[in-house]
Amino acid sequence: MDSHPPSDSESDSDDETTTPQTLAFPPVTRQHILNCSYHSWYPKYKPITPKSRLIPLTSPFLDYLRADSIILPDDDVDQQQQTEWDSDSGIFSKDEDEASDDDDVDILSGWHDLHATIGATIAELGGKVMPKLNWSAPKDATWMNANTMECRTPNEIYLLLKSSDFVTHDLEHAFDDTEALAEQRKAEDIPFHLVLRKSFQMNPSMEFRCFVRGRKLLALCQRDLNHFDFLAPMQHKLSSLIQQFFDVRLRDSFEDENFVFDCYVPAPYTRVWLVDVNPWAPRTDPLLFSWMEILGIPEPMGGGEDEEDLSREEVEGEFVRLKMADPTKDPRVAEALRLAREDAAKDALLDIASLSSMSEDDEVEEDFSGLPELRLVGKNDPEAWSFNTPKYSAHKLPRDVVDASQSGEGLREFAREWEAVLEKRRREDVEGGSSGEE
Ligand SMILES: Nc1ncnc2c1ncn2[C@@H]1O[C@H](COP(=O)(O)OP(=O)(O)OP(=O)(O)O)[C@@H](O)[C@H]1O
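Residues numbered from 1 in each chain as written. Predicted model: local features only at pLDDT ≥ 70, side-chain atom pairs only at ≥ 80, totals over all residues.

Attention now goes to the overall build of the protein chain. If you tally the helices and strands in the protein chain, you get 15 helices and 10 strands. Sorting the 438 residues of the protein chain into buried and exposed places 34% on the buried side. Considering only contacts in the protein chain between residues 6 or more positions apart, those separated by 24 or more positions represent 73%. (Helix = DSSP H or I, 4+ residues; strand = E, 2+ residues; numbered from the N terminus. Buried ≥ 20, exposed ≤ 12 C-beta atoms within 10 Å, placed from the backbone. Contact = placed C-beta atoms within 7 Å.)

Given below as structure tokens:
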């Protein structure tokens, strides 16, 4: 769940005929926020969601997550040693030689079983997992973990969760800006869960955010804000595929009539996975749209009305049939293939052969009218200029601290390096202050 404010562009629009001038969201209820929690929707949508496990979190573990200092249990030794960072003093690690009585404190007190369950679940999921809490993944804390959310040990998960502002938002502010009706659930009633998702290689160009109002799919856009040449020729097929997925899998079954879902279309682009559900609220990042725009989109007239004709059997296993076409007949696909081949990084991610199935030429009377807009990042769009800009930069530390986190020497070594960086910065601050510099 994002907690970004609405973008500035929302007040800039000059299309007065269709674009509202204020953000007219229906009241956001606590129940709506709970409906978007992974633990609420996952059981219903398990067959269409990448393999995940939910671990209910206990009070002692939540206390551990909420505590300011970062203390990691050391699994490597029988007698537990801990690495600690105190935010006030700026001291991160405790040298093993200096270990004192308080090193004997059992960090796992009250959650030994949970710790064991997390370890066992990582193993069950193949040894590599992507963690998140009920709504948010620790995307802003990857600098703590060699720039990845992929975790192989419980400690990596704890470090990411404890370092993430997005996770803190889940823990402390999940019900911010919601209607506080007496009968609605209180924050302390939230059944917090650790979600562990089996990690797999996701092609970022094939992740889409989809906006649903009144059980109609209004619009969708890329989640990744880079430009991908090969997406344009696939645009209508992708809209159609996701529209059908929505109609059959989500439209009538999700608790609320307004929501935002994230989905993934793996190669060979014939099926759709549900990745996440977000609230229909300003806190959800509209990405390539502005909320003003989305709220101003009129009710779609067409798409979604023929879904009764699409029998369950046709989509069993999430397959939706697409016509095959010779890619050489479509200059746009040929060009996309050429560009994709040129780029080794894209080659690794893209199943080029499958592009042929997404060509829009040679189709047998396929009608794309009435489909929602799938907005892509254009080559010259401002979003594409930030290809090499780190995401969530507002949540990041200076470069030298990030470098320290990527030394590859493990968490305790990182702690030592971080402390050295902090010490250097303290010295520079003192020297800067004494020489009268700002
Ligand atoms: N099983 C997985 N394997 C590999 N990567 C994954 C997996 N699940 C999710 N991801 C990646 O992690 C990213 C973040 O996941 P997710 O959408 O659940 O986070 P979030 O905090 O809810 O995001 P947002 O706030 O944007 O809704 C996804 O965009 C995807 O790139």
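Attention now moves to unusual backbone geometry. Cis geometry marks the peptide bond from Ala267 to Pro268, where omega comes out at 10 degrees. As for its position among the elements, Pro268 is in the loop between β8 (259-264) and β9 (273-278). Unusually for a residue other than glycine, Ala146 sits at a positive phi of about 55 degrees.

Here 5 strands make up an open sheet; going across it, the order is β9-β8-β6-β7-β10 and the pairing mixed. Either end of the sheet is taken by a strand with one partner, and the two such strands are β9 and β10 (373-375). The sheet shows a mean angle of 25 degrees between the axes of neighbouring strands, taken without regard to direction. The strands that helix α7 (residues 235-250) touches are β6 (207-213), β7 (216-222), β8 and β10; relative to β7, the one it contacts most, it runs at about 135 degrees. (Pairing = 2+ DSSP bridges. Axes fitted to C-alpha atoms, helices over the stretch in contact; angles between N-to-C directions.)

This brings us to the sheet that holds strand β5 (residues 193-198). With respect to topology, 3 strands assemble into an open sheet ordered β1-β5-β4, the strand pairing being antiparallel. Each end of this open sheet is capped by a strand with a single partner; those strands are β1 (52-56) and β4 (129-132). Each neighbouring strand pair of the sheet contributes to a mean axis angle of 20 degrees, computed without reference to strand direction. In this sheet, β5 lies alongside β1 in antiparallel orientation, the contact comprising 5 bridges. For Arg53, the partnering residue across the bridge sits in β5 and is Leu196. The strands that helix α2 (residues 38-45) touches are β1, β4 and β5; relative to β1, the one it contacts most, it runs at about 140 degrees.

Within the largest apolar cluster, 72 residues are counted, with the highest numbers of intra-cluster contacts made by Leu160, Cys210, Val212, Ile242, Phe259, Phe261 and Cys263. In terms of residue count, the dominant contributor to this core is α7 (7 residues). Filtering out sequence-adjacent residues up to four positions away, Val212 remains in contact with Leu217, Leu218, Asn258, Phe259, Val260 and Phe261. (Core = buried A, V, L, I, M, F, W, Y, C linked by C-beta atoms within 7 Å.)

With that settled, the discussion passes to the confidence of the model for the protein chain. Per-residue pLDDT for the protein chain has a mean of 75; in total, 59% of the residues score no lower than 70. This stretch, residues 77-83, has a pLDDT under 50; its non-local contacts, to residues over four places away or in other chains, come to 21 contacts. Predicted confidence is poor over residues 343-357, with pLDDT under 50, and the contacts of this stretch with residues over four places away or in other chains come to 27 contacts. (pLDDT = per-residue confidence, 0-100.)

A word on the environment of Leu72. Position of Leu72 relative to the elements: it lies in strand β2 (residues 70-73). Measuring from C-alpha to C-alpha, the distance between Leu72 and Asp276 comes to 29 Å, with 204 residues separating the pair along the chain.

Time to look at helix α5 (residues 154-163). Because the α-helix completes a turn every 3.6 residues, residues three or four places apart line up on one side. For α5, the tally of buried residues reaches 10 of 10 residues, placing the bulk of the element in the interior. Turning to α5, its buried residues are Pro154, Asn155, Glu156, Ile157, Tyr158, Leu159, Leu160, Leu161, Lys162 and Ser163.

Here the focus is the environment of Arg30. Tracing the sequence through the fold places Arg30 in helix α1 (residues 30-35). Overall, Arg30 belongs to the buried group, with 20 C-beta atoms counted inside 10 Å. Between the C-alpha atoms of Arg30 and Glu179, which are 149 residues apart in sequence, the distance is 6.7 Å.

Here the focus is the environment of Pro47. When you line up the elements, Pro47 lands in the loop between α2 and β1. With 10 C-beta atoms packed within 10 Å, Pro47 lands in the exposed category.

Turning next to the pairing of β8. For β8, the tally of buried residues reaches 5 of 6 residues, placing the bulk of the element in the interior. As paired strands, β6 and β8 are joined by 6 bridges and run antiparallel to one another. The residue bridging Arg209 from the neighbouring strand is Asp262, located in β8. Judged from the 5 bridges that link them, β8 and β9 form a sheet pairing that is antiparallel. Following the sheet pairing, Cys263 is matched in β9 by Leu274.

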